Amino acid sequence: MTTERRPLINANLRWFLLAMILANIAGQMGYSMLSLYLLDLGADVGQVGLVFTVASLVPTALQIFGGWLSDTIGRLRSIAMGSFISVFGWLIFFIAPSWQWVLVGLCLDYVSNAVVGPSFSAYIAEQCCAEERGRVFGLTKSIYMVVAVVGPALAGFLVHRLGFRSMMFVAFLLFAAATSVRIWMGLAARFAPPRLATRPSLSGFRTQIGAMFTLLFGGGILTWIWVTDAIGDTSANLIGQLYPVYLAEIGGLNVEQVGWLNALLGAASIVASPLAGWLTDRRGERTVIVGGFALEMMGLVTLVRAGALPGFLAAMAAFGLGMGCLIPAYDSLVSKVVPEDQRGLAFGLFGTSLGLLSLPFPWIGGQLWERISPQAPFWVTVTASLISIPIAWLTFALPREETEPDSQREGEVSESASPTIAGS
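Everything numeric in this text was worked out from a predicted model, so none of it was measured.

What counts, and at which threshold
Residues numbered from 1 in each chain as written. Predicted model: local features only at pLDDT ≥ 70, side-chain atom pairs only at ≥ 80, totals over all residues. Heavy atoms only, no water. Helix = DSSP H or I, 4+ residues; strand = E, 2+ residues; numbered from the N terminus. Contact = heavy atoms within 4.5 Å. Areas by Shrake-Rupley, 256 points an atom, 1.4 Å probe, with all protein chains shown as cover. Axes fitted to C-alpha atoms, helices over the stretch in contact; angles between N-to-C directions. Parallel < 35°, antiparallel > 145°, perpendicular 65-115°, else oblique. Left-handed = near helix turned anticlockwise from the far one by under 90°. Patch = residues over 30% accessible without salt bridge, like charges linked within 9 Å, V, L, I, M, F, W, Y side chains within 5 Å. Salt bridge = Lys/Arg side-chain N within 4 Å of Asp/Glu carboxyl O. Phe/Tyr/Trp six-rings, centres within 6.5 Å; stacked < 30°, edge-to-face > 60°. Lys NZ or Arg CZ within 6 Å of the ring centre and 35° of its normal. Core = buried A, V, L, I, M, F, W, Y, C linked by side-chain atoms within 4.5 Å. Buried < 20%, exposed > 50% of the residue type's maximum accessible area, 1.4 Å probe, protein only. Polar contact = N/O pair within 3.5 Å; in protein donor to acceptor, adjacent residues only side chain to side chain. pLDDT = per-residue confidence, 0-100. Nonpolar A, V, L, I, M, F, W, Y, C, P; charged D, E, K, R; others polar. Expected span 1.5 Å × (residues − 1).

1. Looking at the overall build of the chain
A count of helical and extended segments in the chain gives 18 helices and zero strands. In the chain, once contacts between residues fewer than 6 apart in sequence are set aside, the share between residues at least 24 apart is 87%. When the accessible area of the chain is evaluated, it comes to approximately 17300 Å², of which 67% is carbon and sulfur surface.

2. Description of the packing of helix α1 (residues 11–40) against helix α2 (residues 45–55)
Contact geometry for α1 and α2: axes closest at 9 Å, N-to-C directions at 130°. The orientation of α1 relative to α2 falls into the category oblique. α2 is crossed by α1, and the crossing has right-handed handedness. In this structure, α1 contributes Y31, L34, S35, L38 and L39 to the contact, and α2 contributes V45, V48, V51 and F52.

3. A look at a nonpolar patch on the surface
A surface patch of nonpolar side chains, amounting to about 740 Å² of accessible area, comprises M81, F84, I85, F88, L91, I95, I183 and L187. Among the secondary structure elements, those contributing two or more residues to the nonpolar patch are α4 (75–95) and α8 (164–187). Among the elements that take part in the nonpolar patch, α4 stands out by supplying six residues, more than any other. Within the secondary structure, L187 sits in helix α8.

4. Some details on the packing of aromatic side chains
For the structure shown, the criterion picks out 13 aromatic pairs. Here the aromatic cluster, defined as three or more aromatic residues joined through ring pairs, consists of Y31, W90, F93, Y110 and F175. Above the ring of W393, the side-chain terminus of R286 is found at 3.9 Å from the ring centroid.

5. Re the nonpolar core
One finds I225, Y243, L247, I289, L303, F312 and F378 to be the most contacted residues of the largest nonpolar core, which totals 46 residues. For this core, the elements supplying multiple residues, two or more each, are α10 (221–239), α11 (243–250), α12 (255–283), α13 (285–305), α14 (309–337), α16 (361–371) and α17 (376–395). The element best represented in this core is α14, accounting for eleven residues. Leaving out residues up to four positions away in the same chain, L247 has contacts with G252, L253, V258, L261, L303, F312 and M316.

6. Concerning the side chain of T179
For T179, the position within the fold is in helix α8. Overall, the relative accessible area of 4% leaves T179 in the buried class. In terms of polar contacts, T179 uses its side chain to reach the side chain of S83, at 2.7 Å. Beyond its immediate chain neighbours, meaning those up to four positions away, T179 contacts S83, F84 and V87.

7. Description of the side chain of S83
If you trace the backbone, S83 turns up in helix α4. Judged by relative accessible area, S83 falls into the buried class, the value being 0%. Every residue in contact with S83, bar those within four places of it in the chain, is listed here: S112, F175, T179 and R182.

8. Section: the confidence of the model for the chain
The predicted model of the chain averages 78 in pLDDT, with 80% of residues at 70 or higher. In the model of the chain, helix α18 (residues 400–423) stands out as the element of lowest mean pLDDT, 35, in contrast to α8, which has the highest, 92.

9. Some points on the packing of α11 against α14
At a minimum axis separation of 13 Å, α11 and α14 run at an interaxial angle of 170°. Looking at the two axes, α11 sits roughly antiparallel to α14. Of the residues in α14, those in contact with Y243, Y246 and L247 of α11 are F312, M316 and F319. The residue makeup of the contact of α11 with α14, split by class, is six nonpolar, no polar and no charged.

10. Notes on the environment of G156
When you line up the elements, G156 lands in helix α7 (residues 147–162). Sequence separation of G156 and N262 is 106 residues, and the distance between their C-alpha atoms is 9.5 Å. Non-local contacts of G156, meaning those with residues more than four positions away in its chain, are made with M33, V255 and E256.

11. So, the environment of E285
Mapped onto the fold, E285 is located in helix α13. Taking the relative accessible area as the measure of exposure, E285 reaches 4% and is therefore buried. The spacing of E285 and A329 is 44 residues in sequence and 5.1 Å in space, taken between C-alpha atoms.

12. A few points about the environment of A397
Assignment of secondary structure puts A397 in the loop between α17 and α18. Once the C-alpha coordinates of A397 and R286 are considered, the two residues, 111 residues apart in sequence, prove to be 6.3 Å apart. Beyond its immediate stretch of four places on either side in the chain, A397 contacts I221 and R286.

13. Remarks on α17
Along its 20 residues, α17 runs 30 Å from first to last C-alpha, staying within 8% of the 28 Å computed at 1.5 Å per residue. Those residues of α17 not exposed but buried are A376, P377, F378, T381, V382, A384, S385, S388, I389, I391, A392 and T395. Elements in contact with the buried residues of α17: α10, α11, α13 and α16.

14. Side note on helix α6 (residues 133–144)
In this model, α6 (twelve residues) spans 16 Å end to end at C-alpha, consistent with the 16 Å of a helix rising 1.5 Å per residue. Three or more residues of α6 are buried, namely R133, G134, V136, F137, G138, T140, K141 and S142.

So, in C-alpha cells, the structure goes:
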C-alpha cells in the first residue's frame, strides 16, 4: 500500500493565492504608476514623498492590531475585513480630482496592507511543516509575484494608450473581485482553521504584546532579524517611490518602458523565489539572506551607474533576484523562531515598529533627490545593504534543535487538517 504524497500547495492555499493574485495585480498596477499619477494630478516630487509618508501612518498604527486580530479571529476573516475597507480606497483612486484625494484613497488602501500583511505569511506557515517551509514560501511567493510582472506591464500599457484614470478603473474592478473571494473564504466552513477563533479582549492583547516584546528584544535571533529588517526597510523607503521617477526623468524612459522594467523586476523575483526556498531548506536561511542582500546591492549600483536601457535592464534583474531570495528566507526564519499562535502578532509588530522607523524616509528620499542629487538616496540604500550582510552572516545561524519542536507541532497540525484540505 502506497502513501499518497501531499502537494506543496494544497487546495486552501490555491484559493488563498487566487485572491492574493487578483488583489495584487490591482496593487502593482496602481502602485507602479502612483508616483507618476500624483505628478499628473499636479504634485511635485517633494509632495509625492509627503503623500507616502503621511499614508504610511495607517499601517504603522494598525499593523500590530491587525496581527493580533489575525491570531484571535483567524487569518482569513481578518483579511476579508481589511479588503472590504480597501475597496473604497481604490474607488477614490479612480475618481480622484486632485492629488490630495489620492492621499485619502491611499490611507484607506493601507488598511488592507495592515491586516493582510501579518496574516499572509502566518497563514502559509500554518499550511505546511517546518521541513518544507522554505520551499512552500518560495513557491507561494513565486506564484504570488506573478502580479509583479502582469501588474506593471498592464498598467504601463493602459496608461500609455488610455490614460491614468482608465488604468485605475481596471485596477478597482480587479480588487473588487479579489475582495469577493476573500469574503467567501472568511465565511465558508470549508476554510475553517483547525485552531478555533477566540473572542478578542484587551487583557489578551496586553498579554500577547508583552510576550512578543520579550521575544523580540531578548537579544536572540529575532532581535537581529528585526535589526537587519529595520536597516533594509528604512533605506528601501528612501527609494521605493522614486524608481519610476528616476527611470522616467533621469533615464529618459516613457511610461510603458517603466512598466516593462518593473515587470522585469517581478520576473526576476519569480525565478529566484522557488530556488531560494529550495536552497533555504538545504543550506539554511542565513546563506540565502546574505546572497539576497548582495544581489540587491549589485542591482542598485548598476542602476545609478547606468546611462541607457540595457544598464537599467541589468539593474532591475539583479535587484529582482535579490528580492526573490530575501522574501522566502526571511519568512521561513521568522516562522521558525516564533510560536504558531503569535505569528500574526509577530509580523504585525515588525510592520508597526519598522513603520515607525521608516515613517519619514519617503520624504527624506525626496529631499535627498532635490537637495543633493537624484542618485543620493540610492547610494544610501547601497550602504545599508553592505552593513546588513555581515550582521546576517554572524547572527542568523539557526541551530537544528530549535526547529524540531516547531516542526513536530506543524506536522501534527498539518496532518489533522489534511482531511479538510483533501475534501475541499
